[in-house]
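# Examination of the molecular architecture
Read off the chains here:
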Amino acid sequence: MIEISLQKKLNTADGNMMMQADFEVESGIIHTIYGASGTGKTSIFRMLAGLLTPDAGKIVVNGQTWYDAANKINRKPQQRNVGFMFQDYALFPNMSVRKNLEFALKNEQNRVIIDQLMDIIALNELQHRKPETLSGGQKQRVALARALVNKPDLVLLDEPLAALDKPMRQKLQKYVAEVQRELGFTMLLISHDVGEILKLSQGISVLENGQLSPPREPASFFTSSAVSGKFQFEAEVIHIKREGIVFILNLLVGNRLIKIVAQPDDVENLHVGDQVIVASKGFNPLIYKV
Amino acid sequence: MIDWDPLVLTFKLAAITTGILLVIAVPLAYYLAYSRSKLKPILETLVSMPLVLPPTVLGFYLLVTFSPGHPIGRFIENELGIQLLFSFPGLVIGSVIYSLPFMVQPIQAGFAGLPHALKEASYVLGKSRFTTVIRVLLPNMKPALLSAVVLAFAHTVGEFGVVLMIGGNIPGRTRVASIAVYDEVEALNYDLANTYSLILFAITFLLLLLVYLFNGGYLKRLFHKMRT
């Protein structure tokens, strides 16, 4: 169980802002922090990792107090046993992939974990390469593996899969889900990708105007009025066109473009680029095996 | 006949000075690169002073400080039994101060140029500051380190004013090559002065060339070509 309560004055693009984040996360799940850019999501992670000191609050991870303003406890990053996957990977350029992972080992830690992670995340072929020779997706895999080597009590994934194309993303989501399932990590995820959040996380909190909302279930969050549809899928709005009294929406689902009919009040708050969930319960979908 | 002593002495002085400077400069440069202390500008200025100060001024202060009439000079001579004036150890201290900025500034720039996340990633992985510097930061700033080492070495080789002030011209002890050149010119031995000068010119040229070749990636490409 991870109990977090943080207050911090942040300098943002729109001036100073008081940030307040209180939440609890069960051990062994992936929980998402969601919110617009520049709202302080990364700052929360930095405070959890000990790289930024909150103004007040408390962080308790599996019964261990990492930070407690009232009792003047503030563990250094080195004493927190946290895994941090940085947005820009922060791989060590002087070390090969394997050496990057080995560097993360604790004293006298069993090396088996390295081979285990390299197997799950498919790094064996890359193990002797230097980071500069890797593609973006490969670097992210290495960064993910390195963040897990010392079996952290809490893993922080800061937009781990941003800047990847769709197939690569899906592959990496698979890796994240797999390590989490096999090794039982507790993970916090910063992500903007609705599909990714739904696929990976079991809980979501939203950071808005400096306030972090109480945890909710991702599916119910994104479909505000809980949908119990016959089918549903996530999509990105590509184009909105009026045709008579209805609207035609062009949506990107995975790599496919589809068209659906929408009512004017459905479209009212929609903009190109929005992530949406499309669900239907009015008919039975026809499914053919091809 | 050429006397090799001044040249040997010059390179011995430069090597020892460079070694000591490396040990001092890494922590100092680290502090200057990352500290937000208000004292930092003052320290930075002090480190840079030898760049602009006439070497004779630096030499003069050292001469006064090292002399038995000065409490520091007296202390070192009486308590530690080291005579600094007109001696090799005195030259080493003078050279360390004189070449300090040449060692500190490239290393400081090297630290400052590394992504912040490297340091943080290492800390989060549980590594101490010392381990982080030795295994993550320094290995990723080799060009800066090489520049610093070669510049400090070459600058010490080219030292003249400070040596003249605190070392004098004692053969085998403080008579370095730059002094020997001056001395031979004074004695109208232009041939010998020319020999010393040429050797100094050639060696410093090669040293700097090595830095530019390495930092420009030429050597890497050359080795790569040779292997393939």
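Quick note: structure is the one above.
Reading guide: rules and limits
Residues numbered from 1 in each chain as written. Chains lettered and ligands numbered in written order. Predicted model: local features only at pLDDT ≥ 70, side-chain atom pairs only at ≥ 80, totals over all residues. Heavy atoms only, no water. Helix = DSSP H or I, 4+ residues; strand = E, 2+ residues; numbered from the N terminus. Rg over C-alpha atoms; globule rule 2.2 N^0.38 Å. Buried < 20%, exposed > 50% of the residue type's maximum accessible area, 1.4 Å probe, protein only. Contact = heavy atoms within 4.5 Å. Buried area = accessible area lost by both parts, 1.4 Å probe. Salt bridge = Lys/Arg side-chain N within 4 Å of Asp/Glu carboxyl O. Polar contact = N/O pair within 3.5 Å; in protein donor to acceptor, adjacent residues only side chain to side chain.

The helix and strand tally for chain A stands at eight helices and 15 strands. Computed over C-alpha atoms, the radius of gyration of chain A comes to 21 Å, within 12% of the 19 Å expected from 2.2 N^0.38 for 290 residues, which places it in the range of a compact globule. Projected onto its principal axes, the C-alpha positions of chain A cover 70 × 50 × 35 Å. Looking at chain A as a whole, 48% of its 290 residues qualify as buried.

Take the side chain of Asn150(A) next. Looking at the secondary structure, you find Asn150(A) in the loop between α4 (136-148) and β8 (154-158). On the accessibility criterion, Asn150(A) (4% relative accessible area) is buried. Among all residues touching Asn150(A), those that are not within four sequence positions of it are Asn81(A), Ala104(A), Lys106(A), Gln109(A), Val124(B) and Leu125(B).

Further remarks concern the interface of chain B and chain A. With 17 residues of chain B at the contact, the number on the chain A side is 20 residues. Here chain B packs against chain A, burying approximately 1,600 Å² in sum over the two surfaces, 65% of which is carbon and sulfur. Our count for the contact surface shared by chain B and chain A stands at one salt bridge. Between Arg46(A) and Glu120(B) there is a salt bridge, with its nearest N and O atoms 2.7 Å apart. Taken together, chain B and chain A are joined by six residue pairs in polar contact (both at pLDDT 80 or more). Going through the elements one at a time, α6 (116-124) and α7 (129-137) of chain B are the ones with two or more residues in the side of chain B that touches chain A. Element by element, the count of residues in the side of chain B that touches chain A is highest for α6(B), at seven residues.

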